Amino acid sequence: MDVTGVLLERWDLKPTQVEELTGGMNSAVWLAAADGWRVVVKSVDVGDGAFVPGLELAVRVGDAGVVTGRPVASQAGRVAERVGDRLVGVLEFVDGRPLAETVEDQRAVGELLGRVHGVSATPPGELADWLHLLTQFDEYLDLEAWIRPAVEGAVEGVQALDGLSWAGLHGDPAAEAFLRQPDGEVALIDWGGAMHGPVLYDVASAVMYAGTPDHVVPAYLEQRPESAHEVETGLTAFLRLRWAVQAGYFAWRCATDVRTGIADPAENRKGLADARRAFASEEH
């Protein structure tokens, strides 16, 4: 993609430097700069239905005081523009270091997720519709014999829960999406997986990445104490569901040899193997 041309034509920005960055699993990313400004240019497939809603959620959460790497509006006033078969967004550059696995950083993840869910809370939606994030991979669940039973069991566990709280979710709150800025404040970027759904999905995702609920969950509940019972009764089921999403996602990538965001196709197999180990550990 001609990043310089797109920025000039659609955003009236003329960069003097453009550097391709390591993209996410489903995107291509560049850093563009000139005197006095830096932006991140992100491009996804035009069929990516989460991209524009994610950018819009970043604006909403940003308006509430969280630094989100929010989109810069195009000359047409849109958060993203279609360029050929791609959607392109231009995002504010956020300086900072990704959080790590320290207790302090895990608490920062939980605290900020709690703030995000507090400002993005919505009425509940239809759980069956939301579960499309997993059912979309149905044709790939027989890649290995363990996948379909694990996924179906995880779905049943979540469907048995009542009284779920919903909000605008980040969708993929890995530690590297949280940046501690030079002033000490923490930003939350990379909203490409955002969605409207049960808040426990975000909490379970953060716990999955951290490897333990010990610090993420207490910090989250300090922001949302009203969610204590919901977390106590539902977190385990949503953690299984989060691993099921990983299993379905990497089954799809392995079956179709998708290599975006990775250097070696073995990384897809590793993602699937990690999910298998998570389910196997519950059997012992």
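Keep in mind the model is a prediction, meaning the values are calculated, not measured.

J.: Help me understand the overall build of the protein, please; the structure alone is not making it clear to me.
T.: On a plain count of helices and strands, the protein comes out with 10 helices and 11 strands. Expected size for 284 residues packed as a compact globule is a radius of gyration near 19 Å; at 19 Å, the protein falls within 12% of this value. Dimensions along the principal axes, computed over C-alpha positions, put the protein at roughly 55 × 40 × 35 Å. Looking at the 284 residues of the protein, the share that counts as buried comes to 49%. Sequence separation of 24 or more characterises 70% of the internal contacts of the protein that already satisfy a separation of 6 or more. Per element, the accessible surface of the protein, about 13,600 Å² overall, is 50% carbon and sulfur. Separation between the mean location of the 23 positive side-chain charges and that of the 44 negative ones in the protein comes to 3 Å.

J.: Which parts of the structure should I look at to understand the sheet that holds strand β11 (residues 195-198)?
T.: Neighbouring strands of a sheet are bound in pairs by backbone hydrogen bonds; such pairs are parallel or else antiparallel. Reading across the sheet, the 3 strands line up as β7-β8-β11 and stay open at both edges, with antiparallel pairing between neighbours. Pairing within the sheet leaves two strands with one partner each, and these edge strands are β7 (121-122) and β11. By the bridge criterion, 4 bridges tie strand β8 (residues 166-169) to β11 in an arrangement that is antiparallel. Within the sheet, the bridge partner assigned to Gly168 lies in β11 and is His196. Sheet contacts for helix α3 (residues 103-119): β7 and β8; angle to β8, the most-contacted strand, approximately 115°. The sheet contacts of helix α7 (residues 199-210) involve β8 and β11, and relative to β11 the element is tilted by about 90°.

J.: Where do I start with the sheet that holds strand β9 (residues 178-180) in this structure?
T.: Taken together, the 3 strands give an open sheet; going across it, the order is β6-β9-β10, and neighbouring strands pair in antiparallel fashion. On the outer flanks of this sheet lie β6 (97-98) and β10 (186-188), each paired with one strand and no other. Across the sheet, α3 lies against β6, β9 and β10, angled at about 115° from β9, the strand it touches most.

J.: Mind showing me how you'd approach the pattern of salt bridges here?
T.: Should the charged atoms of two oppositely charged side chains come close, the side chains can pair. Applying the stated criterion to the full structure yields 16 salt bridges. For Arg180, the salt bridge is made with Asp105, and the minimal N-O distance between the two is 3.1 Å. With Arg180 in strand β9 and Asp105 in helix α3, this residue pair connects regions lying 75 residues apart in the sequence. For Arg180, a relative accessible area of 17% puts it in the buried group. Asp105 sits in the buried class, given a relative accessible area of 2%. Between Arg224 and Glu226 there is a salt bridge, and its shortest N-O distance comes to 3.7 Å. The exposure class of Glu226 is exposed, given its relative accessible area of 58%.

J.: I keep staring at the environment of Ala177 and nothing clicks. Help me out?
T.: For Ala177, the location among the structural elements is in the loop between β8 and β9. Residue Ala177 is classed as buried on the basis of its relative accessible area of 4%. In this structure the C-alpha to C-alpha distance between Ala177 and Thr68, which are 109 residues apart in sequence, comes to 9.6 Å. For Ala177, the residues in contact, after removing those within four places along its chain, are His170, Asp172, Ala187, Leu188 and Ile189.

Rules used throughout
Residues numbered from 1 in each chain as written. Predicted model: local features only at pLDDT ≥ 70, side-chain atom pairs only at ≥ 80, totals over all residues. Heavy atoms only, no water. Helix = DSSP H or I, 4+ residues; strand = E, 2+ residues; numbered from the N terminus. Rg over C-alpha atoms; globule rule 2.2 N^0.38 Å. Buried < 20%, exposed > 50% of the residue type's maximum accessible area, 1.4 Å probe, protein only. Contact = heavy atoms within 4.5 Å. Areas by Shrake-Rupley, 256 points an atom, 1.4 Å probe, with all protein chains shown as cover. Lys, Arg positive; Asp, Glu negative; His and termini not counted. Charge placed at Lys NZ, Arg CZ, Asp CG, Glu CD. Pairing = 2+ DSSP bridges. Axes fitted to C-alpha atoms, helices over the stretch in contact; angles between N-to-C directions. Salt bridge = Lys/Arg side-chain N within 4 Å of Asp/Glu carboxyl O.

Interpretation in functional terms is not warranted from these geometric data alone.
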